[in-house]
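Coordinates in review
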Amino acid sequence: MEKKAVLRLVKAAQAAAKRAYAPYSRFPVGAAVLAINNKIYTGANVENSSYGLTVCAERVAIFRAVTAGARKIKALAIFTATKKPTPPCGACLQVLNEFGADPLIILATPEQTETTSLRKLLPLGFKFGEPD
Ligand code: THU
């Protein structure tokens with residue numbers, strides 16, 4: 001992916017982090033996905049007083065893309081205002097596995113941006129196999 005496109009996705013994730021609802025953890029996360037239609041869909045974590053009903057930023061962004069009709073994801077950027085970058089949790093990796101071949105994963109903080117891929121973070125994601 002072009003540097004300019006990476007930067008654009010990171011900026012979208014950074015802006016999305018501002019809309020996180022994270023009064024319990026105080027850990028706002030922003031995510032932005034670049035879908036096959038070249039549109040960007042953003043998300044932020046939404047917490048709940050029951051704690052367990054919290055949804056991660058990544059899944060909000062992925063579900064927004066999918067429910068807009070964009071079922072193939074080319075890249076996912078995650079922004080946190082931390083020293084170290086925040087990789088997606090296992091649940092979000094599995095959800096991403098459903099909607100992309102090997103999407104680029106961009107981990108961004110105010111100081112650095114690093115890239116990896118779904119295959120690297122989730123080498124053997126679950127998919128239904130052919131029946132015997
Ligand atoms: N969170 C995300 O949104 N994405 C991640 O990759 C890790 C965790 C959120 C969930 C919760 O609101 C807060 O961060 C602390 O776990």
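Below: a short report on this structure.

Conventions and cut-offs
- Residues numbered from 1 in each chain as written.
- Predicted model: local features only at pLDDT ≥ 70, side-chain atom pairs only at ≥ 80, totals over all residues.
- Heavy atoms only, no water.
- Core = buried A, V, L, I, M, F, W, Y, C linked by side-chain atoms within 4.5 Å.
- Buried < 20%, exposed > 50% of the residue type's maximum accessible area, 1.4 Å probe, protein only.
- Helix = DSSP H or I, 4+ residues; strand = E, 2+ residues; numbered from the N terminus.
- Pairing = 2+ DSSP bridges.
- Axes fitted to C-alpha atoms, helices over the stretch in contact; angles between N-to-C directions.
- Contact = heavy atoms within 4.5 Å.

1. Points about the nonpolar core
Within the largest apolar cluster, 22 residues are counted, with the highest numbers of intra-cluster contacts made by Val33, Ile62, Leu96 and Ile105. Breaking this core down by element, the ones donating at least two residues are β1 (30–35), α2 (57–67), β3 (73–79), α3 (90–97) and β4 (104–108). The leading source of residues in this core is α2, at 5 residues.

2. Quick notes on the sheet that holds strand β5 (residues 113–117)
Taken in spatial order, the 5 strands make up an open sheet running β2-β1-β3-β4-β5, and their pairing is mixed. On the outer flanks of this sheet lie β2 (40–44) and β5, each paired with one strand and no other. Averaged over all pairs of adjacent strands, the angle between strand axes in this sheet comes to 20 degrees, irrespective of strand direction. Alignment of β3 against β4, held across 5 bridges, turns out to be parallel. Within the sheet, the bridge partner assigned to isoleucine 78 lies in β4 and is leucine 107. Contacts between helix α1 (residues 3–17) and the sheet are confined to β1, β2, β3, β4 and β5, with β1 contributing the most and set at about 140 degrees to the helix.

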